[in-house]
Amino acid sequence: MSVPHSTDTFNQHAGIYELLIDWPRRLSVEEPFYRQVFQSVGVKRVLDVACGTGHHAAMFHSWGLQVEGADLSPGMIAECRAQFGEPTGLRWVVRGFQEPVGSGEPFDAVLCVGNSLALADDVATVERAVANMLEALRPGGVVILGLLNLWSLVPGRTVWQKCKRVSYAGGDHVVLKSIHRCGNRAHISFVDLELGASTVSPRYDTAELLGLRAEDLLEFIHRHGGTEAHVYGSYRFEPYVPSQSGDLIITCRRNATI
């Protein structure tokens, strides 16, 4: 299986990615959103596509749901297993979102959040991913797409999102993360500074994000059997405003007549 550059970046830095996110705070903000959407559909089985280090999947499992977390990055899946194990009802698999899920029991909810879709190689891959997510659902099930709203960023300006001092791999580090929009794409850059007694050893890496528009994602949804689509600008169900909203979140149902 070939691994695109952006995915390779996160594969190499799965541990650093984990350290940069305040997961308790993030999940406390997002949990009410997922509970409301899941309850509206009667969700029992969940697929977390591009699950990263597995925190969403583990949260859903703690609610008593059956959950599969899938990610193209073996490093991310290794981090999932190390943190959460693989108890009954929680399964981790290495699989890209452009790959069909298979012919097993359909899911009630499929989500792909945290900029994973924007890390795709091209828009055609994004459309295949949306089609695969809808195909993995039972009729009437729900898809949730979530990503950074790139269009709220000022073109040409670098935004430093993270600066954190952490300890990992037996060393003391300062890790920085920035995002820079250039036209209809953006670059996420990582700087990892290992602090020695009198020296600093730097490492650098970058990943490219596609600029995905709500109207394009909605077109893919409707083209592949999605219906009842809603677009939000935050996990508080706020209206989506392209020039202002921090997030672009879309929910939709699989057409019950398919």
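Everything below is about the structure shown above.
Residues numbered from 1 in each chain as written. Predicted model: local features only at pLDDT ≥ 70, side-chain atom pairs only at ≥ 80, totals over all residues. Heavy atoms only, no water.

J.: Hey, could you run me through the overall build of the protein chain in this one?
T.: When helices and strands are counted, the protein chain shows 7 helices and 11 strands. If one aligns the C-alpha atoms of the protein chain with their principal axes, the spans along those axes are about 65 × 45 × 35 Å. Out of the 258 residues belonging to the protein chain, those deemed buried represent 51%. Of the contacts made within the protein chain by residues no fewer than 6 positions apart, 63% connect residues no fewer than 24 positions apart. Roughly 12,000 Å² of accessible area belongs to the protein chain as shown, and the carbon and sulfur atoms make up 51% of that amount. Once the 23 positive and 28 negative side-chain charges of the protein chain are each reduced to a mean point, those two points are 3 Å apart. (Helix = DSSP H or I, 4+ residues; strand = E, 2+ residues; numbered from the N terminus. Buried < 20%, exposed > 50% of the residue type's maximum accessible area, 1.4 Å probe, protein only. Contact = heavy atoms within 4.5 Å. Areas by Shrake-Rupley, 256 points an atom, 1.4 Å probe, with all protein chains shown as cover. Lys, Arg positive; Asp, Glu negative; His and termini not counted. Charge placed at Lys NZ, Arg CZ, Asp CG, Glu CD.)

J.: Whenever I open this one, helix 7 (residues 214-223) confuses me. Can you help?
T.: An α-helical segment advances 3.6 residues per turn. Residues three or four places apart therefore align on the same side. Buried within helix 7 are the following residues: A214, L217, F220 and I221. With its buried residues spanning 125 degrees around the axis, helix 7 presents them on a single face. Residues of helix 7 that are buried in the fold lie against helix 6 (123-135), strand 5 (137-148), strand 10 (226-232) and strand 11 (247-254). G225 lies just past helix 7 and shows a positive phi near 95 degrees. (Arc of directions from axis to C-beta.)

J.: Just checking my understanding: could you explain unusual backbone geometry for this structure?
T.: Trans peptide bonds make up most of the peptide bonds, and negative phi angles are found at most residues other than glycine. The backbone of A169 shows a phi angle near 50 degrees, a positive value even though the residue is not glycine. When you line up the elements, A169 lands in the loop between strand 6 (158-168) and strand 7 (171-182). In this structure A169 comes out as exposed when scored by relative accessible area, which is 74%. Located in the positive-phi region is E228, a residue other than glycine, with phi close to 50 degrees. Using a relative accessible area of 48% as the deciding quantity, one classes E228 as partly exposed.

J.: Even after reading the chapter, I still don't get the pattern of salt bridges, so can you show me in this structure?
T.: A side chain of one charge can pair with a side chain of the opposite charge when the charged atoms of the two come close. Applying the stated criterion to the full structure yields 14 salt bridges. The closest approach of N and O atoms between R138 and D108, which form a salt bridge, is 2.5 Å. Taken together, the residues span a long stretch of sequence, with R138 in strand 5 and D108 in strand 4 (residues 107-112) at a distance of 30 residues. Residue class for D108 comes out buried when judged on its relative accessible area of 10%. Between R165 and D172 there is a salt bridge; the shortest N-O distance is 2.6 Å. Its relative accessible area of 59% is what places R165 among the exposed residues. (Salt bridge = Lys/Arg side-chain N within 4 Å of Asp/Glu carboxyl O.)

Honestly, it's all geometry; don't read function into it.
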